[in-house]
Amino acid sequence: MADSLHIDPRPRVELRGISKHFGEGETRVNALADIDLTVRAGEMIGLRGPSGSGKSTLLNVVGCVSEPSAGWMRLDGDVVYDSHWLRHDLRRLRLMKIGFIFQTHNLLPFLNATENIAEAMELAGTPWRQARARADGLLDYLEVGHRRYAYPGEMSGGEAQRVAIARALANGPRIILADEPTAPLDSVRAHVVMDLLARIAKDHEAAVLVVTHDESIFQRFDRLISLRDGRLVATEEIKRPGNVSAQAALPTL
Amino acid sequence: MNLALRDVRRNKLRFALTTFGVGLLLAVVMVMTGIYEGALTDALALPRAVGAELWVVQPRTFGPFAEPSRIPRDTRDLIRRMPGVAAAGAVTFQTVQTAVGGKPVRLYLEGYEPGRPGGPATIVAGHGLTESHYQIVVDASSGLGLGESVPLGPYRDPYTVVGLTRGMVNSAGDPMAWVNLLDAQALQFAVPPPLERREQAAKRNPPTTSDINAVVVRLEPGASASTVEQDISRWKHLAAVPEAQEEGYLTLFVIQKMQQQLGMFMGILITVSAVIIALIIYTLTMDKLRSIATLKFIGAPDRTIVGLIVQQALTLGVAAYAIGLTLVILTKNHFPRRVQLELRDLVIVLVIVIVVCLAGSVLGVRAAVKVDPAEALASG
């Protein structure tokens, strides 16, 4: 695991001039316009903005779920988009390099905690027995090991979200994308989840990009980026001891 | 890990009820095949039990089972004297309706000459006919027992049950019964006295009661059936039908309509099963769209998604098939007519079920493949 103060200058996410529009002519909507963004290993970025500002669209684009309309994008050192997708195996890319945490946990209801995590590993090619053992290790790491046989419907919101985070970590992702991960949680559990994400960013040297409306957690990010009408309108560096971005004074945008 | 089985495991009750419903439908399909096979066996049981190699019948008819045939009784003596013929026996066939102990009894009556071909093949209780008149051997499926009296004919003459057979019914499912040829001829051809008097007053010959329906022929070892058949056909009032051809007539003329009827019914049932399976698989898939979107989002390939749906459809189909088969095996002996399960038919039904499940999962697969992974991000 990396030292929490170690700065890894390698960018995990690089966006240059990324735009995304829906429809054409009079019905054209510019969801993202000329976005430049760099997120480095170990950095945790908050994305905020009013509804319709393009936060989820940006998450979809970085997650290779939605194709940009223009621009250039590099993920973990590989250029994946340059006016068109450069890779055909986008699902494989997501599976191996990107971990997703959804607003609602989105665990598969017919699998227990261990199976939900192990399934993601098995999809990536890990043998089932090994995947189960590693899944149990992740559950212990996230302090929900005692719920490994519980199904999502039997877990509290906080427990389910931790299992979802464990699933996001299943294949050692270099990028973690989270869409309102604290929305269904009370403030205490929300801060626990943010602690976990911060720990994961440092321990796994992952770039963490979090969409959130929750003002109570804004101070937990290294940088807070504001979007409006698809444009990146403000970047706020959070000054606090141990803040990777603040200490490293890395160029960000 | 098999996602389909995990989903089934998590929704045991729902899956069990659904499977049981489809299983009932498949049970009906299997019973239909069993009824057809049973009817075929029943229809062929009699000619096969008689052990004829040739049937001598009225020309330009399809034999004693497919349509009426009437030939003189002395035909048997003519045939017996022919080269290559080892034994011959005169027989008649007719359906009789009577009542025993107040209960209606319907029998398919064969008249035969004891000691000659044509009698019951195996008697499981009692003995064969030992008297010239008023004895009867019946199949146990009639419900009659040894010693019971069966009233037959216009004057309800009492026939005593002296022997029982098992599994001998005609193509309509009526139990077989055997009486002496003379009794059978009287039952079939004798006219009541008033009609006889009327015929005499009109100076017409009274109808003969010595006709028979057919002659059962067994050949000597090494004798050529086709040669004997050609020799018999030289008599213009007779025709010889080989056993295989007679069975073919039975299958073609007597069973074919039932086969078509059951085939149509099975077609409807299989179509209904297919629609239900497709609907169930589609509904199960729609219930899982969020999970499918999540699987795609985290990187699951389409083959994993398709596998989830197709495996679930096949699990449903195979489990329903097993339930249906179990139900049929447990209940088949309680049906009023023979239900005969044949491995070939069961394999065909299984193949149809698998094809139906694969076809039924197409709608679900299409819905699943079209799911946008971004739907996993939708709240709620």
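Because the structure is a prediction, the values reported are computed rather than measured.

1. Things to note about the overall build of chain B
Consideration 1: When helices and strands are counted, chain B shows 11 helices and 10 strands.
Consideration 2: For a compact globule of 380 residues, the expected C-alpha radius of gyration is about 21 Å, and chain B comes in at 30 Å, more than 25% above that figure.
Consideration 3: The C-alpha extent of chain B, read off along each of the three principal axes, is 100 × 50 × 40 Å.
Consideration 4: Across the 380 residues in chain B, those meeting the buried criterion constitute 41%.
Consideration 5: Across chain B, contacts joining residues at least 24 apart in sequence account for 79% of those joining residues at least 6 apart.

2. What to know about the overall build of chain A
Consideration 1: Assigned secondary structure in chain A consists of 7 helices and 10 strands.
Consideration 2: At 18 Å, chain A has a C-alpha radius of gyration in line with the 18 Å of a compact globule built from 253 residues.
Consideration 3: A principal-axis box enclosing the C-alpha atoms of chain A has dimensions of 50 × 40 × 30 Å.
Consideration 4: The proportion of buried residues among the 253 residues of chain A is 51%.

3. A few points about the confidence of the model for chain A
All names here are of chain A.
Consideration 1: Mean pLDDT over chain A stands at 86; residues scoring 70 or higher make up 91%.
Consideration 2: In this model, residues 1–7 is a region of pLDDT below 50 whose contacts with residues beyond four sequence positions or in other chains number 12 contacts.
Consideration 3: Confidence over residues 245–253 falls short of pLDDT 50; this stretch has 20 contacts with residues more than four positions distant or in other chains.

4. Points about helix α1 (residues 55–62) of chain A
Residue and element names in this part refer to chain A.
Consideration 1: Counted residue by residue, α1 has 8 buried out of 8 residues, so it is predominantly covered.
Consideration 2: Every buried residue of α1 is listed here: K55, S56, T57, L58, L59, N60, V61 and V62.
Consideration 3: Lining the buried residues of α1 we find β1 (11–22), β2 (29–40), β3 (44–48), β7 (175–179), β8 (207–211) and β9 (223–228).

5. Focus: helix α4 (residues 128–141) of chain A
Residues and elements named next belong to chain A.
Consideration 1: For α4, built from 14 residues, the straight-helix expectation of 20 Å at 1.5 Å per residue is met to within 8% by its first-to-last C-alpha distance of 20 Å.
Consideration 2: Within α4 the residues assigned to the buried category are A131, R134, A135, L138 and L139. Along the long axis of α4, the arc covered by the buried residues comes to 145°, so they all point the same way. Residues R129 and Q130 are exposed on α4 and point more than 90 degrees away from its buried face.
Consideration 3: Tucked into the core, α4 has its buried residues touching α3 (113–123) and α5 (157–168).
Consideration 4: In the segment just after α4, E143 is the residue with positive phi, at about 60°.

6. A few points about the environment of Q261 of chain B
Residue and element names in this part refer to chain B.
Consideration 1: By the secondary structure assignment, Q261 is in helix α8 (residues 243–287).
Consideration 2: Assessed through the 12 C-beta atoms surrounding it within 10 Å, Q261 is described here as exposed.
Consideration 3: Distance from Q261 to P175, taken between C-alpha atoms, is 23 Å for residues 86 residues apart in sequence.

7. So, the nonpolar core
Consideration 1: Ranked by size, the top nonpolar core spans 123 residues in total, and within it L197, V208 and L209 of chain A carry the most contacts.
Consideration 2: The element contributing the most residues to this core is helix α2 (residues 12–50) of chain B, with 12 residues.
Consideration 3: Each residue touching L197 of chain A, except ones within four places of it in the same chain, is listed here: M44, A178, V208 and V210 of chain A.

8. Quick notes on the pairing of β9 of chain A
Residues and elements named next belong to chain A.
Consideration 1: Relative to β9, β3 runs parallel, the two being bridged by 4 bridges. Across the sheet, residue G46 finds its bridge partner in β9, namely L224.
Consideration 2: As paired strands, β9 and strand β10 (residues 231–237) are joined by 6 bridges and run antiparallel to one another. Across the sheet, the residue bridging to R223 is E237, located in β10.
Consideration 3: Two successive antiparallel strands, β9 and β10, enclose a turn made up of 2 residues, where D229 displays a positive phi of approximately 50°.

9. Here we look at the confidence of the model for chain B
Residue and element names in this part refer to chain B.
Consideration 1: Of all residues in chain B, 98% attain a pLDDT of 70 or more, and the chain-wide mean is 88.
Consideration 2: Highest mean pLDDT in chain B belongs to strand β5 (residues 135–139) (96); lowest belongs to helix α3 (residues 63–66) (78).
Consideration 3: For this predicted complex, the interface confidence comes out at an ipTM of 0.77, alongside a pTM of 0.73.

10. Topic: the interface of chain A and chain B
Consideration 1: Residue-level contacts link 26 residues of chain A with 18 residues of chain B.
Consideration 2: When residues of the side of chain A that touches chain B are traced back to their parent elements, those giving at least two are α1, α2 (90–97) and α3 of chain A.
Consideration 3: In terms of residue count, the dominant contributor to the side of chain A that touches chain B is α3 of chain A (6 residues).
Consideration 4: Considered class by class, the residues forming the side of chain A that touches chain B number 13 nonpolar, 6 polar and 7 charged.

11. Some words on the domain arrangement of chain B
Residues and elements named next belong to chain B.
Consideration 1: Domain boundaries in chain B define domain 1 (3–42 + 255–377) and domain 2 (72–236).
Consideration 2: Between domain 1 and domain 2, the C-alpha centre-to-centre distance is 49 Å.
Consideration 3: Across the boundary between the two partners, domain 1 contributes 4 residues, which contact 4 residues of domain 2.
Consideration 4: Tallied by class, the residues present in the side of domain 1 that touches domain 2 amount to 2 nonpolar, no polar and 2 charged.

12. Re the sheet that holds strand β5 (residues 78–82) of chain A
Paired through backbone hydrogen bonds, the strands of a sheet run either parallel or antiparallel to each other.
Residue and element names in this part refer to chain A.
Consideration 1: Taken in spatial order, the 4 strands make up an open sheet running β2-β1-β4-β5, and their pairing is antiparallel. The open sheet terminates on both sides in strands that have one partner only, identified here as β2 and β5. Shown here is a sheet whose adjacent strand axes are inclined to one another by a mean of 15°, direction ignored.
Consideration 2: Note that β1 and β2 share 8 bridges and pair antiparallel. Within β2, the position partnered with V13 by the bridge is V39.
Consideration 3: Where α1 meets the sheet, its contacts fall on β1 and β2, and the angle it forms with β2 comes to roughly 60°.

Criteria and cut-off values
Residues numbered from 1 in each chain as written. Chains lettered and ligands numbered in written order. Predicted model: local features only at pLDDT ≥ 70, side-chain atom pairs only at ≥ 80, totals over all residues. Helix = DSSP H or I, 4+ residues; strand = E, 2+ residues; numbered from the N terminus. Rg over C-alpha atoms; globule rule 2.2 N^0.38 Å. Buried ≥ 20, exposed ≤ 12 C-beta atoms within 10 Å, placed from the backbone. Contact = placed C-beta atoms within 7 Å. pLDDT = per-residue confidence, 0-100. Expected span 1.5 Å × (residues − 1). Arc of directions from axis to C-beta. Core = buried A, V, L, I, M, F, W, Y, C linked by C-beta atoms within 7 Å. Pairing = 2+ DSSP bridges. Nonpolar A, V, L, I, M, F, W, Y, C, P; charged D, E, K, R; others polar. Domains from an automatic or database assignment. Axes fitted to C-alpha atoms, helices over the stretch in contact; angles between N-to-C directions.

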